[in-house]
Amino acid sequence: MSRTQLIILVVAVVAVGISVFTRPKDNEFADRELALDSSEAKAAMAIIEKLTESTNHLAAHLSADAPPIARQKLLQISQQLTQASTVKLKEVSWRGEYLSVAVTCSPAGEHWFYMAEDEEGQLKLLGVQQ
């Protein structure tokens, strides 16, 4: 193989490699932002509004898959929500099979709730992050 052919071959391989790695891919795990007035956002906000009324609603909206530490944290945040003067939806997105819901509340700050659909298709709480 001549030097010219080798250079052309290397350039072709690099060009193919660049085109493969730079083309857009449909990533099933990429975040999918939702509108704040979407059905999922409204369902999530309904759950959070129930938590602002009383922590007694937590058991009805808690996923059976939620780990014990997440359950404790959800109870703690639910207690803070009952004392909040305002709770507003900030952002909602699907992250894989989990719904991530950001809410702002005063004076407590911002919380990220994580939810998933159960067997009946209803959203259930899995965890929370401050």
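This text goes with the structure placed above it.
The structure displayed is predicted, hence computed values, not measured ones.

Draft legend 1. Quick peek at helix 2 (residues 39-53). Taking 1.5 Å of rise per residue, 15 residues should cover 21 Å, and helix 2 covers 21 Å from first to last C-alpha, within 8% of that figure. Residues of helix 2 that are buried include every one of A41, A44, M45, I47, I48 and L51, and no others. All buried residues of helix 2 lie within an arc of 155° about the axis, which places them on one face of the element. Facing away from the buried side of helix 2, by more than 90 degrees, are the exposed residues S39, K42 and E53. Where helix 2 is buried, its residues touch helix 3 (68-83), strand 2 (86-95), strand 3 (98-106), strand 4 (109-117) and strand 5 (123-129).

Draft legend 2. Layout of the pairing of strand 3. Where strand 2 meets strand 3, nine bridges bridge the pair, whose relative direction is antiparallel. When the sheet's bridge partners are listed, R95 is paired in strand 3 with Y98. In this sheet, strand 4 lies alongside strand 3 in antiparallel orientation, the contact comprising seven bridges. Within strand 4, the residue paired with A102 across the bridge is W112.

Draft legend 3. Molecular detail of the side chain of S93. Structurally, S93 can be placed in strand 2. Apart from residues lying up to four places away in sequence, S93 is in contact with R32, E33, L34, Y98, L99 and S100.

Draft legend 4. Geometry of the pattern of salt bridges. Overall, the coordinates contain one salt bridge when judged by the stated rule. When the shortest N-O distance is used, the salt bridge between E110 and K90 registers 2.6 Å. Taken together, the residues E110 in strand 4 and K90 in strand 2 connect sequence positions 20 residues apart. Taking the relative accessible area as the measure of exposure, K90 reaches 44% and is therefore partly exposed.

Calculation criteria
- All residue numbers here refer to positions counted from 1 along the written sequence of the relevant chain.
- With pLDDT at 70 or above as the cut-off, local features in this predicted model cover only qualifying residues; side-chain atom pairs require 80 or more to be listed or tallied, and sums for whole chains, interfaces and linings still use all residues.
- Hydrogens are left out, water is left out, and the side-chain values use all remaining heavy atoms of the structure.
- The helix and strand labels rest on DSSP assignments: H or I over at least four residues marks a helix, E over at least two residues marks a strand, and numbering proceeds from the N terminus.
- To estimate how far a helix should reach, multiply one less than its number of residues by 1.5 Å.
- Summary of the burial criterion: residues with accessible area below 20% of their type's maximum are buried, those above 50% are exposed, and those between are partly exposed, where the area comes from a 1.4 Å probe applied to protein chains only.
- The arc in question is formed by the directions pointing from the helix axis toward the C-beta atoms.
- By the convention used here, residues are in contact when the closest approach between their heavy atoms is within 4.5 Å.
- Strands are labelled as partners when DSSP assigns at least two bridges between them.
- A side-chain nitrogen of Lys or Arg and a carboxyl oxygen of Asp or Glu constitute a salt bridge if their distance falls within 4 Å.

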